[in-house]
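Fold and contact review
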Amino acid sequence: MRFAFLPNNFPFARHLANVKMFLRDMAKKKENFQVEKQIFLEHIQKAGLRKTAQRDLILEVFLRTEEHLSSEDLYWLVQKDDPTVGHTTVYRTLKLLTEAGLAREVRLGDGRTYYEHHHDHEHHDHMICTECGKVIEFFSPELEEMQDIMAEKYHFKPTHHSLRILGFCEECQQKETHQLSSGAQPRVRVMVGRMAAR
């Protein structure tokens, strides 16, 4: 159905364009999930493990959640769909997802391990607000180039890197309740998306 007679600034036309874009993105995600599910299936088969409904559910919940998740966070999300899934099963499945290249472990400075999507996701770094726990993902080609230059200068072959910048987000800078850092490592408490509300 086309609404060619509606001007572009008409709210319904903009809404319809947004709906079309959303549906295209959802269809693409479903296709991507099929690729990721196949990668996971091949990985567990190589490991001599079998496909189970609980592993499939954990994978599905992880794939549809675009946040940094601890094993506890993912456990609570999975519990909403199936209360019989145990925390150990979630933890072990996250390890399998990491081994398969579908998830990446991230340490944000609060002593916990988080997981984020790895397959078909671009590399990025993190800024973490030490006041409110907000995590901001960013990519800088200039930083990437500088890292390559430094590695070459010192004849170093990097296999992985992780950059965390700790400080105060824009909102917390406005509050002026934060304390400037001494020489000690700042205390970090990460609050990510919906998990922060718990």
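Up top you'll find the structure we're talking about.
Since this is a predicted model, take the numbers as computed values, not measurements.

Time to look at unusual backbone geometry. One non-glycine residue, H155, lies in the positive phi region at around 50°. Inspection of the secondary structure assignment puts H155 in the loop between α5 (141-153) and β5 (164-167). With relative accessibility at 77%, the residue H155 sits in the exposed group.

Following the criterion strictly, the structure yields one aromatic pair and no others. A centroid spacing of 5.2 Å and a plane angle of 65° characterise the contact between Y75 and W76, whose relative ring orientation is edge-to-face. Relative accessible area serves as the criterion here: at 19%, Y75 is assigned to the buried category.

Further remarks concern the nonpolar core. With 23 residues, the main nonpolar core has F40, F62, L74, V78, V90, L94 and L97 as its most contacted residues. Within the residue set of this core, elements represented by two or more residues are α1 (11-46), α2 (53-63), α3 (71-81) and α4 (87-99). Take this core: its biggest share by element is six residues, from α2. If sequence neighbours within four positions are ignored, L74 has contacts with I58, V61, F62, L69, V90 and L94.

The rules behind these values
Residues numbered from 1 in each chain as written. Predicted model: local features only at pLDDT ≥ 70, side-chain atom pairs only at ≥ 80, totals over all residues. Heavy atoms only, no water. Helix = DSSP H or I, 4+ residues; strand = E, 2+ residues; numbered from the N terminus. Buried < 20%, exposed > 50% of the residue type's maximum accessible area, 1.4 Å probe, protein only. Phe/Tyr/Trp six-rings, centres within 6.5 Å; stacked < 30°, edge-to-face > 60°. Core = buried A, V, L, I, M, F, W, Y, C linked by side-chain atoms within 4.5 Å. Contact = heavy atoms within 4.5 Å.

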